[in-house]
Amino acid sequence: MLVQIKDDDTLSFFLDETAGFRFLEVYVETQQIQPEATPQNYQQGGYMENPEMSQQWGEYMSLLANEGLPSSCNPDFGTGTSNPDFGAGTSNVDFGADASSEPDEVDYPIPPEDGPNDVDINIMAENFAQGQVKQNPSYGIKHVIQTVKDHTRYDIPYQKAWYSLKMAREIVYGTWESSVQKLPKYMGALKKYNPGTIVEWEHKAFQPSTGAHVIGYVFWAFAPCIEGFQFCRNVISVDGTHLYTKYRHKMLIAAAMDGNQQVLPLAFAIVDDESTSSWKWFLTLLSRHVIRGRRGVCLISDRHPGIIKAVREGSDFVSPHGAHRYCLRHVCSNFNTHYKNVILKDLCWRAGSEYQIRKFNRIMEEIKSQNVAAFEFLDKINKKKWIASHDGGWRTGILTTNMSECINGVLKGARRLPLTAIVEITLARTVNYFVTRERRSHAMVANGQLWTDFAYKMFNQWHQKSIDHTVTKYNHRQQSASVVTKRQSGFGLNTHVVKITNRECSCGKWTQFGISCSHAQKVCAAYNINAASMVKNYYDVQAYKNTYSKAFQPLYPEDYWDAPEFRLVHDTTIRISTRPGRNQTSRIHNEMDWRQTRERQQAQQRENSSRQ
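Residues numbered from 1 in each chain as written. Predicted model: local features only at pLDDT ≥ 70, side-chain atom pairs only at ≥ 80, totals over all residues. Heavy atoms only, no water.

1. Structural notes on the UniProt feature "domain: SWIM-type" (unreviewed entry) in the protein
UniProt annotation of "domain: SWIM-type" (unreviewed entry) refers to residues 496-528 when read in the numbering used here. The annotated region residues 496-528 carries 42% helix and 18% strand content, and the separation between its end C-alpha atoms amounts to 19 Å. (UniProt positions renumbered as here; feature names shortened; annotations may be inferred. Helix = DSSP H or I, 4+ residues; strand = E, 2+ residues; numbered from the N terminus.)

Following this line, the structure appears as structure tokens:
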């Protein structure tokens, strides 16, 4: 418990509890406090305004008498700070979790300590470090202000909240400089206690004067994730994201999809920028350490020039060994920047996500009738790269890079932390994935499931639809047939061709998802074939269990870590220059994030009016 008597004769108690901390304010009338008063006099004097706290008063005053009045738990933060970066001249750091960004330190050179709503910054920092900041990296300035207000009824200044949170984060995670110096030692411990974990370095330079290497790139992949990928579908999504740090860094992420349609992190890297060289380095290590000669892997990414060039110069993601596909969301976004029309944007998405070639052709003709230039723009893009109906089954139903972007979202709070803390959080959250999903896999086995929850749901939905289909057999050797769907609400009476031997249906869904569609299930029943045997192996419960069967091992305390093989420092040339104002700390939303409901309604009204 931290206790402080403030200048305005207010006693403030800060209690560290399991859920965080709370502030208890006890107001004491100045004229009633005698110079010779002791904590025991306070206990007996009845100076409490809140009688509900009387029972706790003796405990508080006894502690006060025995331990005195510490200015802070941490002596380094008593009259100032031991952190050389604290104060004027430090970097522009981003601690908030909301879309509004954090202030540059040039705005607040000195945190004020006076005023009627005085709450000590040092004590706030200690409590935030032990509570919310340690438990939740996304804990931001707006949360600090609200927490203090809830427990003290004070509206503390923004700058005071900023400083207290900065100090709390440095207590928990260290400074930017100390963190990068710690990184080689931490990575060594990570490999030591989790054998098979991969860490690769690419240094920019060596400083003879200091004997330190300048950080360039660092790549890491956890051993259980590498082993788990062997039981997942052959699709990897990659993406890059900004790190809101003192130095200009980017994080590259690779992720896969397990048999239950859940994201499996595969590899991470911190680089100085997204470029051809950084992407080529990352994809090369991904191939060497994660794919490890596995053929038939599909890479899904946006159309970043660095990725496209790096893929062309490699071999794992080009025919005949693999394939490279574009994220449909990014294609539609790029299309919309040229032709700002909500109807055309929706048609672009429908065209790319359609599994039947005849429907795709009809949608493209509709685009052409509305805007010939828009049609020609899309027609120039390689159809295999972005259209599901022309994909050939490489995507396995995955149209976007949402896998890797999902990891970005999970790491949102961590992206404004020092580098070692970022690596620690990728480990912690990946471990949580494994623990939770391993437990779920055991439940599936206990329930006697053949497949994962996702596959079971898809199979049953399509089975219910197959009941109303009509089958005409054609060839017993190929086990081929035509299937006519039932007409409902003006739709249906469509004919699909199914070839069981080839495991294909003209609807395209069987090829994409690896689960026998409603048409295939109807034909299987006609030929007395078990449709369940046609489901891809990566949906098996045993495959899902194997994905998360390799366990992580906890790291011993730092005292047990081996000495690092080299010293590491930041590249000062990529330090972000300070500027007044607040920095953007969230991804800038584009037109693909807007609902545009009103625009669609207006466009539909115009179309209806033109037909009248």
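2. Side note on the nonpolar core
Phe 219, Trp 220, Ile 236, Val 238, Phe 282 and Leu 283 are the most contacted members of the largest nonpolar core, which has 78 residues in total. Broken down by element, the residue count for this core peaks at nine residues, all from helix 17 (residues 419-446). Not counting residues up to four positions away in its chain, the partners in contact with Val 238 are Ile 253, Ala 254, Trp 279, Phe 282, Leu 283, Leu 286, Leu 299, Ile 300, Ser 301, Thr 401 and Ser 404. Counting residues in each nonpolar core, the second largest holds 53 residues, with Ile 343, Phe 375, Ala 388 and Phe 513 among its members. (Core = buried A, V, L, I, M, F, W, Y, C linked by side-chain atoms within 4.5 Å. Buried < 20%, exposed > 50% of the residue type's maximum accessible area, 1.4 Å probe, protein only. Contact = heavy atoms within 4.5 Å.)

3. Looking at the packing of aromatic side chains
Using the criterion set out here, one finds 22 aromatic pairs in the structure. An angle of 20 degrees between the planes, with centres 5.5 Å apart, marks the rings of Trp 220 and Phe 268 as stacked. Residue Trp 220 is found in strand 5 (residues 212-221), and its partner Phe 268 is found in strand 8 (residues 263-271); the two are separated by 48 residues along the sequence. According to the relative accessible area criterion, Trp 220 is buried, its value standing at 0%. Arranged with centres 5.5 Å apart and planes meeting at 65 degrees, the rings of Tyr 556 and Tyr 560 form a pair that is edge-to-face. Judged by relative accessible area, Tyr 556 falls into the partly exposed class, the value being 45%. An aromatic cluster is present here, built from Trp 220, Phe 222, Phe 268, Phe 434, Tyr 544, Tyr 548 and Phe 552 joined pairwise through their rings. Over the aromatic face of Tyr 326 sits the side chain of Arg 303, whose NZ or CZ is 5.5 Å from the ring centroid. In this arrangement the basic side chain of Arg 437 is found over the ring face of Tyr 433, its NZ or CZ atom lying 4.3 Å from the centre. (Phe/Tyr/Trp six-rings, centres within 6.5 Å; stacked < 30°, edge-to-face > 60°. Lys NZ or Arg CZ within 6 Å of the ring centre and 35° of its normal.)

4. Remarks on the packing of helix 5 (residues 141-152) against helix 6 (residues 158-173)
Closest axis-to-axis distance for the helix 5/helix 6 pair is 9 Å, and the angle between their directions is 110 degrees. As judged from the angle between their axes, helix 5 and helix 6 are roughly perpendicular. Together, Ile 141, Val 144 and Ile 145 of helix 5 and Tyr 158, Ala 161, Trp 162, Ser 164 and Leu 165 of helix 6 make up the contact between the two elements. Counted by class, the contact of helix 5 with helix 6 contains seven nonpolar, one polar and no charged residues. (Axes fitted to C-alpha atoms, helices over the stretch in contact; angles between N-to-C directions. Parallel < 35°, antiparallel > 145°, perpendicular 65-115°, else oblique. Nonpolar A, V, L, I, M, F, W, Y, C, P; charged D, E, K, R; others polar.)

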